[in-house]
Every structure is written in C-alpha cells, then in structure tokens.
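Here are the chains, one letter per residue:
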Amino acid sequence: MPKLIEDARHRASAPSHDGEGASPRPAEPSRERCRARAKTLLTILAALVLAPLTVVVGMGIPGNGYYLSGTLIVLFAIVPFFVAFEGRRPTAREIAVVAVLTALAVAARAAFVWVPHFKPMAAIIMIAGIAAGPQTGFLVGSVAALASNFIFGQGPWTPWQMLAFGVVGLVAGLLADARVFPRANLSWPRRIALAVTGFVLIVGLAGPILDTSTFFYLSTAPTPELAATVYLAGLPVNAIHGAATALTLLVVANPLLDQLDRVRVKYGLLNRSR
C-alpha cells in the first residue's frame, strides 16, 4: 500500500505533457523547414532574374548564342528542384530508394541500346513520380538522364534531356497527387490509362522538348520551315519512344508500385517526398 501511494505521488508530481506544464517542443525542425523554403524561393527568384539576362547576353553572341542561352535557362529550371530536395534533408534510406529507382531507369535505357529509339526509361521515371511524389519524380528523371549519358554520350543536349525526363516524372507525380492514378494496386483500366498517359507525355511533352534541343543545335538562323522539318522528323522517333514507355508501364507498373508500397508501409519512406 505505501508503495502504491508513493507511485501515485510520483505520477502527480511528474510534469505533464498535455497541460500547462508541458515541456516546449523544439522549434529547430520548424526553423530548418523555413530556411529550406527560403533557400528554394531564393533559388527560384535567382533563376527568374538570370533567365532574361541570359537571353539578352545570348542575343549578342554570334552564331549559336541562343542555343547557349537556352541551355543555361534549362539549367536554371532544374536547379531549384535539387535545392528543394536537399533542403528537406532526406534520410539515408530515402536516398537509397531514390538511387535504386534512378539505377533502374538507367538500366532500362541501357538494356535496349541495340533497339533504335526504344527507351523504357521514362516508364520507370513515371513510376518513381507516382510512388514518391512529383519532386522525387523530377529528381529521378533528371539524374537518370545525366547518368545514362555517361553510356550514350554527354553533350549540350544533356540539360535538355534532364529537363524532358524530369518533367515526365513531375507530371506523373502530380497526377498521382490528384488521385488520377493510385500509388499501388492498379486495376487493368487504370494500367491502360497509365500506358496511354505515358505515350502522350512522350509524344506531346518530352519529345518536343528534345526536338527543341535538336532544332537549336542544328540551326544558326532559326526559321519556321526548319522548325517544322525538325518537329515532323522527330514525330516517328517520339512515337517509338512513347510506345516503349506504354508497353513498359503495362508490364512492370503494377509489380514495381506494389513493391514500393511495401517499402513505404514497412519503413515509412516515400511519404516525405510528397
């Protein structure tokens, strides 16, 4: 009995965590988030200021100065995503998952090097965006384009490829956030809709971005006739690329999304990316 009374007194004298005596929670995580957001906003503001200045400087460079300025503007668009990802301090496990998804995307592109224009890489990038959110989808797409070019060759087209594939992952993540596509257990109608979406994203978005790079790279004096020629010549290539993306999504989207869903449930990962 004295023991019970002593325990009751001890509990009564202990500081409460729900009432007025609750110890204040550390404000450091909130401050870190504010600093990360401020850093990202400053990066975006710097990109918005530098973009028109780059255009003006590029107009004064003879030859393909506009191509140089266009490439720099693409880089300005990519940098804020990397700054935002770094600013939220991802865990080692989260970085490992992102690295694995990036490696799968690179392997998907390298595995079909012997088939012209057949690149399933965009499908893996879309799956990454659906599973982990638009920011991580953009990161996986841009890094996969950069890393795979160590196999296929780096050049002034690399930033354009980073932007094109990054945007594919970004849009896929936004569609998942809008609940157009679930993060796991896709039904057959949803799989077909996802495959069609992949085809449209390649033919209507990523492909034209890459064709724009080709247009700037080939021309010293841009004309509407040359633009029409480049974009029409790129249409069959983009169609093959889009078909590869759609076919890959039909085959591997559900199994891979289910595995990523298990990782999210078991380790609590991929939620912070959203």
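The following refers to the structure shown. These numbers were taken from a predicted model, which means no experiment stands behind them.

1. Description of the nonpolar core
In this structure, Met-126, Ile-127, Leu-163, Val-168, Leu-194, Leu-249 and Leu-260 are the most contacted members of the largest nonpolar core, which totals 45 residues. Elements with a minimum of two residues in this core: helix H3 (65-87), helix H4 (92-111), helix H5 (121-132), helix H6 (134-152), helix H7 (158-177), helix H8 (188-218) and helix H9 (224-267). The element best represented in this core is H5, accounting for ten residues. The contacts of Met-126, once residues within four sequence positions are left out, are Val-168, Ala-172, Leu-194, Thr-197, Gly-198, Leu-201, Thr-245 and Leu-249.

2. Examining unusual backbone geometry
In this model, Arg-179 sits at a positive phi of 65 degrees, which is unusual for a non-glycine residue. Mapped onto the elements of the fold, Arg-179 is located in the loop between H7 and H8.

3. Observations concerning the packing of H7 against H8
Direction vectors running N to C along H7 and H8 enclose 155 degrees, while the axes themselves pass 9 Å from each other. Classified by the interaxial angle, the pair formed by H7 and H8 is roughly antiparallel. Our pair here, H7 against H8, has a crossing hand that is right-handed. Contacts from Trp-160, Gln-161, Leu-163, Ala-164, Val-167, Val-168, Val-171 and Leu-175 in H7 reach Thr-197, Leu-201, Ile-202, Leu-205, Ala-206, Ile-209, Leu-210, Thr-212, Ser-213 and Phe-216 in H8.

4. Some points on the side chain of Asp-258
Considering the arrangement of structural elements, one finds Asp-258 in helix H9. Although buried, Asp-258 forms no salt bridge, and the nearest oppositely charged side chain, Arg-262, lies 5.7 Å from it. For Asp-258, the residues in contact, after removing those within four places along its chain, are Ala-184 and Asn-185.

5. Examining H5
Between the first and last C-alpha of H5 there are 17 Å, a value that for twelve residues agrees with the 16 Å anticipated at 1.5 Å per step. Taken residue by residue, H5 has Met-121, Ala-122, Ala-123, Ile-124, Ile-125, Met-126, Ile-127, Ala-128, Gly-129, Ile-130, Ala-131 and Ala-132 as its buried positions. Gly-133 sits one or two residues past H5 and shows a positive phi near 105 degrees.

6. Focus: H6
An α-helical turn contains 3.6 residues, so a residue and the one three or four places further along point in the same direction. Taking 1.5 Å of rise per residue, the 19 residues of H6 would be expected to cover 27 Å, and the 26 Å separating its terminal C-alpha atoms lies within 8% of that figure. One or two residues past the end of H6 sits Gly-153, with phi positive at roughly 115 degrees.

7. What about the packing of aromatic side chains?
Any pair of aromatic rings gets described here by the distance separating the centres and the angle formed by the planes. Scanning the entire structure with this criterion turns up two aromatic pairs. Each ring, one from Phe-112 and one from Phe-118, has its centre 5.2 Å from the other, and the planes form 50 degrees; the classification is tilted. Classification of Phe-118 as buried rests on a relative accessible area of 18%. A network of ring pairs unites the aromatic residues Phe-112, Trp-114 and Phe-118 as a single cluster. Arg-109 extends its terminal NZ or CZ atom over the ring of Phe-152, reaching a point 4.2 Å from the ring centre.

8. Considering a nonpolar patch on the surface
A grouping of Trp-188, Ile-192, Val-196, Phe-199, Val-200, Leu-247, Leu-250 and Val-251 is seen on the molecular surface, where their side chains present a nonpolar patch of about 740 Å² in accessible area. Those elements that provide at least two residues to the nonpolar patch are H8 and H9. In terms of residues, the nonpolar patch owes the most to one element, H8, which gives five residues. Following the sequence through the fold, Phe-199 ends up in helix H8. With relative accessibility at 33%, the residue Phe-199 sits in the partly exposed group.

Procedures and definitions
- Residues numbered from 1 in each chain as written.
- Predicted model: local features only at pLDDT ≥ 70, side-chain atom pairs only at ≥ 80, totals over all residues.
- Heavy atoms only, no water.
- Core = buried A, V, L, I, M, F, W, Y, C linked by side-chain atoms within 4.5 Å.
- Buried < 20%, exposed > 50% of the residue type's maximum accessible area, 1.4 Å probe, protein only.
- Helix = DSSP H or I, 4+ residues; strand = E, 2+ residues; numbered from the N terminus.
- Contact = heavy atoms within 4.5 Å.
- Axes fitted to C-alpha atoms, helices over the stretch in contact; angles between N-to-C directions.
- Parallel < 35°, antiparallel > 145°, perpendicular 65-115°, else oblique.
- Left-handed = near helix turned anticlockwise from the far one by under 90°.
- Lys, Arg positive; Asp, Glu negative; His and termini not counted.
- Salt bridge = Lys/Arg side-chain N within 4 Å of Asp/Glu carboxyl O.
- Expected span 1.5 Å × (residues − 1).
- Phe/Tyr/Trp six-rings, centres within 6.5 Å; stacked < 30°, edge-to-face > 60°.
- Lys NZ or Arg CZ within 6 Å of the ring centre and 35° of its normal.
- Patch = residues over 30% accessible without salt bridge, like charges linked within 9 Å, V, L, I, M, F, W, Y side chains within 5 Å.
- Areas by Shrake-Rupley, 256 points an atom, 1.4 Å probe, with all protein chains shown as cover.

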